[in-house]
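An overview of the molecular structure
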Amino acid sequence: MPVKINAVSSGAATANSGTFWVHASDSSAVNQAATLRLEISTNKNFASPILSQSIATKAEDGLTAKLTINTLTPGVTYYYRFIDASSSAVSLDGVFKTAPTADSAAALKFAFSGCADGRYAPFPVVNWETTNPGYDFFIMNGDAAYPTDENLTSPGVLNVITDTPEVILSSARGKLLANLLPAVNAAGATTQSSLQSLYRSQGVYASYDNHETGDSYLEAGGAPFELLSDPKMNT
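For the structure given in this document, a descriptive report is provided here.

Reading the values: the criteria
- Residues numbered from 1 in each chain as written.
- Predicted model: local features only at pLDDT ≥ 70, side-chain atom pairs only at ≥ 80, totals over all residues.
- Heavy atoms only, no water.
- Helix = DSSP H or I, 4+ residues; strand = E, 2+ residues; numbered from the N terminus.
- Expected span 1.5 Å × (residues − 1).
- Buried < 20%, exposed > 50% of the residue type's maximum accessible area, 1.4 Å probe, protein only.
- Phe/Tyr/Trp six-rings, centres within 6.5 Å; stacked < 30°, edge-to-face > 60°.
- Core = buried A, V, L, I, M, F, W, Y, C linked by side-chain atoms within 4.5 Å.
- Contact = heavy atoms within 4.5 Å.

1. A closer look at helix H2 (residues 165-180)
Given 3.6 residues to a turn, an α-helix orients residues that are three or four positions apart in the same direction. Under the 1.5 Å per step criterion, the end-to-end length of H2 is 22 Å for 16 residues, consistent within 8% with the ideal 22 Å. Every buried residue of H2 is listed here: Ile168, Ser171, Ala172, Leu177, Asn179 and Leu180.

Below, the structure written as structure tokens:
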């Protein structure tokens, strides 16, 4: 089976829209990009899907892809999955709920956390869908990944003064994927669970903090005054 669908997630819900994300690879392709089909249904068994749309991962995006759907109904729970028709590969199912309309009185159940430093894995929420079912959404309140990379000026330490935005983004993307994809050994056996259970069990809203923006180098104190005119700080 050349196509492997590794992780799914959804988020940024509004009353009528949501964004759906996937990480997948195709070992038979030159750059390993994969073309999939996103299915969305109001039925967890995916009877009569309300949407079926093509989506392709890209090598330059770390073999990820995302698609925003703007034709959803307010306050409805949806189920989604990604399928590769040629190989019959099917992702794990995900759950997503649209926001209520602005003028409606609706009860909400949500959770929040932050600072998913991979050094502290395995995380205690790896079985989230069985221990915390039924949340309307989850808020990742910053530091969804802690970028470290051998390509940084000082390996393992982000420095917004010397590291380019491209390097910082690439490192952040890699560490986020590391948190979402289970660790496996040379024999292919899973050796450490991931945050995939958390990210697919409900929609996610995410905010930035210092580690995503690459200023871990400055976290022990205020930024130097001269950085105020640095274009990299204007993001």
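Here the narrative resumes.
2. Examining the packing of aromatic side chains
Within the structure shown, the criterion is met by five aromatic pairs. Between Phe20 and Phe96, the aromatic rings sit 5.1 Å apart at their centres with planes inclined by 55 degrees, giving tilted as the arrangement. Here Phe96 lies in strand E8 (residues 94-97) and Phe20 lies in strand E2 (residues 18-26), a separation of 76 residues in the sequence. Each member of the pair, Phe20 together with Phe96, is buried. Ring geometry for Phe110 against Phe137: centres 4.9 Å apart, planes inclined by 10 degrees, an arrangement best described as stacked. Placement of the pair is Phe110 in strand E9 (residues 110-113) and Phe137 in strand E10 (residues 137-141), with a sequence separation of 27 residues. The class of Phe110 is partly exposed, set by a relative accessible area of 39%. Given a relative accessible area of 16%, Phe137 falls into the buried group. Taken together, the ring pairs in this structure connect Phe20, Tyr80, Phe82 and Phe96 into an aromatic cluster.

3. Concerning the nonpolar core
It is characteristic of soluble globular proteins that their nonpolar side chains tend to be buried jointly. Phe20, Val22, Leu36, Leu38 and Phe82 are the most contacted members of the largest nonpolar core, which totals 22 residues. Mapped onto this core, the elements with two or more residues apiece are strand E1 (3-11), E2, strand E3 (35-41), strand E4 (51-56), strand E5 (64-69) and strand E6 (77-84). Once you skip the residues sitting within four places of it in the chain, Leu38 turns out to touch Phe20, Leu51, Ser52, Gln53, Ile55, Leu67, Ile69, Tyr80, Arg81 and Phe82. Core analysis: the next-biggest nonpolar cluster, separate from the first, contains 16 residues, Ala7, Trp21, Phe123 and Trp128 among them.

4. A short note on unusual backbone geometry
In this structure, Gln32 takes a positive phi of about 70 degrees despite not being glycine. One can find Gln32 in the loop between E2 and E3. At Leu63, a residue that is not glycine, the phi angle is positive and equals roughly 60 degrees.

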